[in-house]
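Spelled out from the first residue to the last, the chains are:
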Amino acid sequence: MTDIDALMRTAPVIPVIVIDELEHAVPLAEALVAGGLPVLEVTLRTPAALPAIAAMKQVPGAIVGAGTVANPRDLEDALAAGSEFIVSPGLTEPLAQAAIRRGVPFLPGIANAGDIMRGLDLGLTHFKFFPAMAAGGLPALKSLAAPFGGCRFCPTGGIGLDNAAEWLAFDPVLCVGGSWVAPRGAPDRKQVERVAREAAALGR
């Protein structure tokens, strides 16, 4: 199983995906992978999410995980659907311990120094900075990251093509999460692939 560091270095942008209709899942995943964004975070915000994870895993090259995982039960449901990594909006000890016990790559959300310190106590060093813009933007992350030199981040929340490059230029940021590359609804394959290519090029 890929570790979280390698997963975060796979592409500069992790699409944050909301699937409302299961039939949208595979075409969206195919277009994102073709555009150079293979790491796909499917958020557990709709009833279609878990079957979408299972369907997307069949797409060659796709690395599919679950987002909006809030507790150990969500974690187990996500793993049963085939999730290869887990993303959470926050950090709780029961969820972190469950993820560590299962040996799954885990990216918990943090917004302050206390969150990071709790993560470090649990042996975690890679975090989702969320909600990135609402929590103070890049200046806030720079201040937060300074005392924690070994930590790496995936900022998510309010990030788009217009500001992603600025985040990615900050060394502790390995990738960013964004929904702009995966709009809700029936996917326009050509458009999704084009936007994905733009996003994939940010890391060059």
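The structure under discussion appears in the preceding block.
Residues numbered from 1 in each chain as written. Predicted model: local features only at pLDDT ≥ 70, side-chain atom pairs only at ≥ 80, totals over all residues. Heavy atoms only, no water.

## Some details on the sheet that holds strand β7 (residues 126-129)
Right, so step 1: Reading across the sheet, the three strands line up as β6-β7-β8 and stay open at both edges, with parallel pairing between neighbours. Single-partner strands in this sheet number two, and they are β6 (109-110) and β8 (152-155).
Right, so step 2: As judged from the four bridges shared by β7 and β8, these two strands associate in the parallel manner. If you follow Phe 129 over to β8, its bridge partner there is Pro 155.
Right, so step 3: Contacts between helix α6 (residues 113-121) and the sheet are confined to β6, β7 and β8, with β7 contributing the most and set at about 155° to the helix.
Right, so step 4: Here helix α7 (residues 137-145) sits on the sheet and contacts β6, β7 and β8; the angle it forms with β7, its principal contact strand, is near 150°. (Pairing = 2+ DSSP bridges. Helix = DSSP H or I, 4+ residues; strand = E, 2+ residues; numbered from the N terminus. Contact = heavy atoms within 4.5 Å. Axes fitted to C-alpha atoms, helices over the stretch in contact; angles between N-to-C directions.)

## Topic: α7
Right, so step 1: Every buried residue belonging to α7 is among Gly 137, Leu 138, Ala 140, Leu 141, Leu 144 and Ala 145, and all of these are buried. The buried residues of α7 occupy an angular sector of 155° when projected down its axis, which confines them to one face. Facing away from the buried side of α7 by over 90 degrees, the exposed positions are Pro 139 and Ser 143.
Right, so step 2: Of the surrounding elements, those touching the buried residues of α7 are β6, α6, β7, β8 and α8 (164-168). (Buried < 20%, exposed > 50% of the residue type's maximum accessible area, 1.4 Å probe, protein only. Arc of directions from axis to C-beta.)

## Here's the deal with unusual backbone geometry
Right, so step 1: That bond from Phe 130 to Pro 131 is cis: its omega, -10°, falls within 30 degrees of zero.
Right, so step 2: The phi angle at Thr 68 is positive, at roughly 55°, despite the residue not being glycine.
Right, so step 3: Within the secondary structure, Thr 68 sits in the loop between β3 (63-67) and α4 (72-80).

## Considerations on the side chain of Asn 163
Right, so step 1: With respect to the helices, strands and loops of the structure, Asn 163 is situated in the loop between β8 and α8.
Right, so step 2: Look at Asn 163 and you get buried, because its relative accessible area is 12%.

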